[in-house]
Amino acid sequence: MLKRILIVDDEESMRHMLSIMLKKEGFEVEVAANGQLALEALSRSGFDAVLCDIRMPEMDGVGFLKSLGQRVHELTVIMMSAFGTIDTAIEAMKLGAYDYISKPFKSDEILLTLRKAEERERLRRENARLLSEVQQTYSYDSIVGKSAPMQEVFKTLQKVAGYKSTVLLMGESGTGKELLARAVHYNSPRKDRPFVAVNCGAIPENLLESELFGHVKGAFTDASRTKKGLFEEAHEGTLFLDEIGELPLPLQVKLLRVLQEEEIRRVGDVKAIKVDVRIIAATVKDLEKEVKAGRFREDLFYRLNVLPIHVAPLRARKEDIPALVDHFIKKHNARLEMRVSGITPEALELLVEYDWPGNVRELENTIERAIVLTDTSHIQVANLPPAIRDFRSRNRLELLKDEYSIKKTSRILEEELIRKALAKTRGNRTHAAKLLEISHRALLYKIAEYGIEDGRTRAS
């Protein structure tokens, strides 16, 4: 809120009138008779806004603005004059003034201008706060990944973030390629400019060109107005081209020209438009194989492959899983207004063992589902999807395919049946023994022999 106002005017009656009016509206007011006295007042005390006349002795309003220098950006300066011209107003605005009011004016005009300035300041601060949060969210330290493969990725991205060079992120679906692309953008000199993302495989081919490059009115049947494309939207920022391997060959030619010439041409237009865009591309495909198969242009591949980065699948960095689980529990607790405080060791062990074909995205969905389903303070084995609960069993049974030893096969089957019985009875060993048709004492012996503890293997 704009609370403290400095009034700068050589007319005592104007200073008096403005002081009374603004004090009635709850503002704290101080006055100065010229620009020099205003600078002295600013050096003694802080102000949120300045109402400054243009024509004054000793130092006029323009001289005052020039003397403020960079400090003008910390203040809301509103210029006033009975002798102003358009040129004077333009000069004042160029020097950093927020607005210009011609005398004589109504009190409501001053108050409306101050309220508009208050709203602008609120939005500016909110924007700065959100930008700070975004930058914190996408800082490399905030992205969960302490494993060696992810640390190597972070190290490389930190080196390249400050340059305009094209980055190509390669990895399976769900590994977090867009998150890494945003991290590059928000840790680069382009962080205050737009980050624009598009999935090249999600938009029909006949619409994709218009989406990327825009179109002019009348370019095709439904083009009722001129429309900017995503390249123009991302001007001076970053354009993230996800699933670049799905880009049709005709558009690959046009994308190559954009990368070479740094200009685009809207559909139906005859003139080119210069664009300054940093490209980050991502793909699940092996683009070298796509080039050999004739589905991807070799020249475009080399244009994109300036800084190739491979993002490892989750199964190759399982040491990240516990930290990711903790992160997603906190995230979805806040979003769903839940109070799940953690996960049982048994459930976490199953998550670490699982192969995660859907990678980090699948893990996040699993945790969200488990939070919704659990009736306790911790995520339980029973809250996990069947595919994860049965993964260990399938792996054990897979070992039997090429096994001919009756002794080894019997042990694997016996251990698996004991685990299933304990899981079904929720660890009740008496009931499990009845299901297995063995004595309670025999079950206890075999639990010890196989290192089973309430249905889970003890850490070795």
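Note that the coordinates shown come from a computational prediction; the quantities given were computed from them, not determined experimentally.

Conventions and cut-offs
Residues numbered from 1 in each chain as written. Predicted model: local features only at pLDDT ≥ 70, side-chain atom pairs only at ≥ 80, totals over all residues. Heavy atoms only, no water. Salt bridge = Lys/Arg side-chain N within 4 Å of Asp/Glu carboxyl O. Helix = DSSP H or I, 4+ residues; strand = E, 2+ residues; numbered from the N terminus. Buried < 20%, exposed > 50% of the residue type's maximum accessible area, 1.4 Å probe, protein only. Polar contact = N/O pair within 3.5 Å; in protein donor to acceptor, adjacent residues only side chain to side chain. Axes fitted to C-alpha atoms, helices over the stretch in contact; angles between N-to-C directions. Parallel < 35°, antiparallel > 145°, perpendicular 65-115°, else oblique. Left-handed = near helix turned anticlockwise from the far one by under 90°. Contact = heavy atoms within 4.5 Å. Nonpolar A, V, L, I, M, F, W, Y, C, P; charged D, E, K, R; others polar. Pairing = 2+ DSSP bridges.

Points about the pattern of salt bridges
- Considering all chains together, one arrives at 31 salt bridges under this definition.
- Between Glu-30 and Arg-44 there is a salt bridge, with its nearest N and O atoms 3.1 Å apart. Separated by 14 residues along the polypeptide, Glu-30 in strand E2 (residues 28-32) and Arg-44 in helix H2 (residues 35-44) bring together distant segments of the chain.
- Since its relative accessible area comes to 25%, Glu-30 is described here as partly exposed.
- Classification of Arg-44 by relative accessible area gives exposed; the value is 60%.
- Notably, a salt bridge pairs Arg-411 with Glu-449, separated by 2.9 Å at the nearest N-O pair. In this pair, Arg-411 is assigned in helix H18 (residues 406-424) and Glu-449 in helix H20 (residues 440-450), connecting sequence segments 38 residues apart.
- Take Glu-449: its relative accessible area is 35%, and that puts it in the partly exposed class.
- What emerges from the salt-bridge pattern is a single network uniting Arg-4, Glu-28, Glu-30 and Arg-44.

Observations concerning the side chain of Glu-415
- By secondary structure assignment, the location of Glu-415 is in helix H18.
- Engagement of the side chain of Glu-415 in a polar contact is seen with the side chain of Arg-419, the distance being 2.9 Å.

A look at the packing of H18 against helix H19 (residues 429-436)
- At a closest axis distance of 8 Å, the pairing of H18 and H19 adopts a crossing angle of 130°. Our classification of the angle between H18 and H19 gives oblique. Here H18 and H19 pass one another in a crossing that is right-handed. Of the residues in H19, those touching H18 at Leu-417, Ile-418, Ala-421, Leu-422 and Lys-424 are Arg-429, Ala-432, Leu-435 and Leu-436.
- Tallied by class, the residues present in the contact of H18 with H19 amount to 7 nonpolar, no polar and 2 charged.

Some points on unusual backbone geometry
- Cis peptide bonds are those with omega within 30 degrees of zero, and the linkage from Lys-103 to Pro-104 qualifies with -5°.
- Mapped onto the secondary structure, Pro-104 falls in the loop between strand E5 (99-102) and helix H5 (107-137).
- One non-glycine residue, Asn-359, lies in positive phi territory at about 60°.
- Among the structural elements, Asn-359 can be located in helix H15 (residues 359-373).

Description of the sheet that holds E2
- A sheet is described by the order of its strands in space; here 5 strands give the open sequence E2-E1-E3-E4-E5, paired in parallel fashion. A single partner strand is all that each edge strand has here, and the edge strands are E2 and E5. Recorded for the sheet is a direction-independent mean angle of 20° between the axes of neighbouring strands.
- Here 5 bridges tie strand E1 (residues 4-8) to E2, and the two strands are oriented parallel to one another. Within the sheet, the bridge partner assigned to Ile-7 lies in E2 and is Val-31.
- Contacting E1 and E2, H2 runs over the sheet at an angle of about 160° to E1.

Just geometry here; none of it tells us what the structure is for.
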